[in-house]
Amino acid sequence: MEKQTIVSGIRASGSLHVGNYLGALKQFVELQNQGHHCYFFIADLHGLTTPFEPKKLSKDTLDVAATYLAAGIDPKKSVFFLQNHILEHATLAWIFNCLLPLSELERMTQYKDKAKQHKENINAGLLTYPALMAADILMYKPTAVPVGEDQVQHVELARVVARKFNHKFGKTFPEPHTFLRKPLRIMSLSDPAKKMSKTGDEALLLDDEPKEISRKLKKAVTASESGKASAGVENLFLLLEHFGKQEQIAYFRDAQRNNSLKFSELKETLAKEVAGYFAEFRAQKKALLEQPEYLAEILGEGARKARTVAQSTLQEIKHRIGLL
Ligand code: AQP
């Protein structure tokens, strides 16, 4: 198998949920273990685009770092770092900001959604988020970017940026493709019309204790609207497909076909499976959070490796665009 260069990140905006895990983190670990050249970072600068509180941001960053490691990211195999430690990202983002038409940024779905969600804080960073994301990605000249479905539009924009830059200044960047095994979007438990989100309604977190998982799933909305198949129930089935056993999926699908599906039974089974799936993860994450110096050391080492590549890319870009 040809080795690919892979880049992706996750915002430091709160504890990760099962959507982040299935849409992103799980694939990161698989790609790393297949021996690809992987760069994974914590998008702490992107964390500033929605309302944040300094103490919580630091805590969330360490939390996401421990989550990556407990889920299986191995700093010996992957370059693992904090976005803000590599100053070159912000410089490249500025260069891309000057290349991207405003209209391209204004049509981004995530910008529109987040602007609606945070009416009191529609900052310029929220709008130019995709320019920074294009910089995060293209800096390492990857061939593939594993992201969940909601981020595909941003990766496409990074391809547009690469194309524009190459056309104007000469071939510099490969056009990375989105790595998405199967379109996957986990929906909110309380409002299945919306995606599950760290900053949205109460999400099912990777480090929720079994009791908490049961409580959240018990409350999950299953009602259907005007005779349509319930999006909430399909969301529970989607989770069961990822965390449950084949025979459980078959059993509940049969019951659904026979109109004998008991939501409470489905929810109880799912809660047990999710709790079991993340049991080891929870223990490892707790242990890691007790060693903040160790986390800092790992992130420092990752930054050193990422910086070498970033400095060289930026040097090349500056030369191409005439910056002395
Ligand atoms: N509900 C989801 N289903 C599948 N994948 C998802 N991802 C996020 N939500 C779902 C994927 O997780 C990765 C990390 O996302 P991010 O934190 O960088 O940004 P996001 O997409 O904005 O994630 P959230 O959870 O919604 O966070 P907030 O509330 O901070 O905005 C991405 O690959 C994303 O596709």
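Now for a description of the structure that goes with this document. Note that this is a predicted model, so its numbers are computed, not measured.

### Observations regarding the packing of aromatic side chains
Part 1 of the argument: Scanning the model with the defined rule gives 17 aromatic pairs in all.
Part 2 of the argument: Judged by centre distance (4.8 Å) and plane angle (70°), the rings of F243 and Y277 are edge-to-face. Here F243 is found in helix 9 (residues 231-243), whereas its partner Y277 is found in helix 11 (residues 263-277), with 34 residues between them in sequence.
Part 3 of the argument: Note on F243: relative accessible area 5%, which makes it buried.

### What to know about the environment of K198
Part 1 of the argument: In this fold, K198 is placed in the loop between strand 5 (177-179) and helix 8 (210-218).
Part 2 of the argument: The spacing of K198 and S58 is 140 residues in sequence and 16 Å in space, taken between C-alpha atoms.
Part 3 of the argument: Beyond its immediate chain neighbours, meaning those up to four positions away, K198 contacts I10, R11, S13, G14, S15, L16, H17 and N20.
Part 4 of the argument: Among the polar contacts made by the side chain of K198, one reaches the main-chain carbonyl oxygen of R11 at a distance of 3.4 Å.
Part 5 of the argument: For K198, the side chain forms a polar contact with the side chain of S13, separated by 3.1 Å.

### Overview of the layout of surface pockets
Part 1 of the argument: In this structure, the largest pocket spans a volume of roughly 450 Å³.
Part 2 of the argument: Around the largest pocket, the lining comprises 16 residues; the ones closest to its centre are D113, K114, Q117, K194 and K195.
Part 3 of the argument: By residue number, the principal contributor to the lining of the largest pocket is helix 5 (residues 109-117), which donates 5 residues.
Part 4 of the argument: Residue composition of the lining of the largest pocket, grouped by class: 1 nonpolar, 8 polar and 7 charged.
Part 5 of the argument: Of the domains in this structure, domain 1 (5-184 + 291-321) and domain 2 (187-290) are the two that each give at least three residues to the lining of the largest pocket.

### Focus: helix 11
Part 1 of the argument: For helix 11, spanning 15 residues, the distance from its first C-alpha to its last is 21 Å, which sits close to the expected 21 Å at 1.5 Å a residue.
Part 2 of the argument: Packed against the buried residues of helix 11 are helix 8, helix 9, helix 10 (246-257) and helix 12 (279-289).

What counts, and where the lines are drawn
- Residues numbered from 1 in each chain as written.
- Predicted model: local features only at pLDDT ≥ 70, side-chain atom pairs only at ≥ 80, totals over all residues.
- Heavy atoms only, no water.
- Phe/Tyr/Trp six-rings, centres within 6.5 Å; stacked < 30°, edge-to-face > 60°.
- Helix = DSSP H or I, 4+ residues; strand = E, 2+ residues; numbered from the N terminus.
- Buried < 20%, exposed > 50% of the residue type's maximum accessible area, 1.4 Å probe, protein only.
- Contact = heavy atoms within 4.5 Å.
- Polar contact = N/O pair within 3.5 Å; in protein donor to acceptor, adjacent residues only side chain to side chain.
- 1 Å grid on protein atoms, 1.4 Å probe; cavity = no way out; pocket = protein on both sides within 12 Å on 5 of 7 lines; lining within 4 Å.
- Points joined across faces, edges and corners; volume = space filled by probe spheres on them.
- Nonpolar A, V, L, I, M, F, W, Y, C, P; charged D, E, K, R; others polar.
- Domains from an automatic or database assignment.
- Expected span 1.5 Å × (residues − 1).

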